[in-house]
Amino acid sequence: MEKIDEEGKLAIRAKLKRLNTLSLGIGAPGLLLQGMGASRSSLLFFLGSIVGTAMLIVGLAYYAQYRGRHWAFGFLGLASCLGTIILYFIGKKCLHCHASHGFRASTCTNCGAPLAS
Ligand SMILES: [Zn+2]
């Protein structure tokens, strides 16, 4: 695999930023709603927790793509915080060449592309 050029790096960075923003913007309020729903027993909060879980799944689907994984990993949102932690520790893949990396890697050793933080 040839090294990525500067233009390619910028494109990957922009993509990472967009996926991260979407992931946090949808997933974080989802996690909050889900948590609130679990702490109270009324129909409204129950519905809130269902909506929250759905939002968390969508947020994690973006987070999975951010880390170079398939969007279907978003269903780990059904396991709430635990799912988020699992998704973090299974490591990431390069968005450019799809090489696998540990969860601490910041740059692809194969092509030099930036990785999710
Ligand atoms: Zn790479």
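None of these values were measured; they are calculated from a predicted model.

Student: Help me understand the nonpolar core, please; the structure alone is not making it clear to me.
Tutor: Among soluble globular proteins, nonpolar side chains are generally buried collectively. In this structure, L60, Y62, Y63, Y66 and A113 are the most contacted members of the largest nonpolar core, which totals 24 residues. For this core, the secondary-structure elements that each account for two or more residues are α1 (6-39) and α2 (43-66). In terms of residue count, the dominant contributor to this core is α2 (nine residues). In contact with Y66, not counting residues within four places along its chain, are L16, L19, N20, S23 and A116.

Student: Would you take a moment to explain the environment of L76 for this structure?
Tutor: Mapped onto the elements, L76 comes out in the loop between α2 and α3 (80-89). Note: C-alpha distance between L76 and C94 (18 residues apart in sequence) is 21 Å. Excluding residues that lie within four positions of it along the chain, L76 makes contacts with L60, G83, I86 and L87.

Student: Help me understand the environment of R13, please; the structure alone is not making it clear to me.
Tutor: Tracing the chain through its elements places R13 in helix α1. Put simply, R13 and E2 are 11 residues apart on the chain and 18 Å apart in space, counted from C-alpha to C-alpha.

Basis of the calculations
- Residues numbered from 1 in each chain as written.
- Predicted model: local features only at pLDDT ≥ 70, side-chain atom pairs only at ≥ 80, totals over all residues.
- Core = buried A, V, L, I, M, F, W, Y, C linked by C-beta atoms within 7 Å.
- Buried ≥ 20, exposed ≤ 12 C-beta atoms within 10 Å, placed from the backbone.
- Helix = DSSP H or I, 4+ residues; strand = E, 2+ residues; numbered from the N terminus.
- Contact = placed C-beta atoms within 7 Å.

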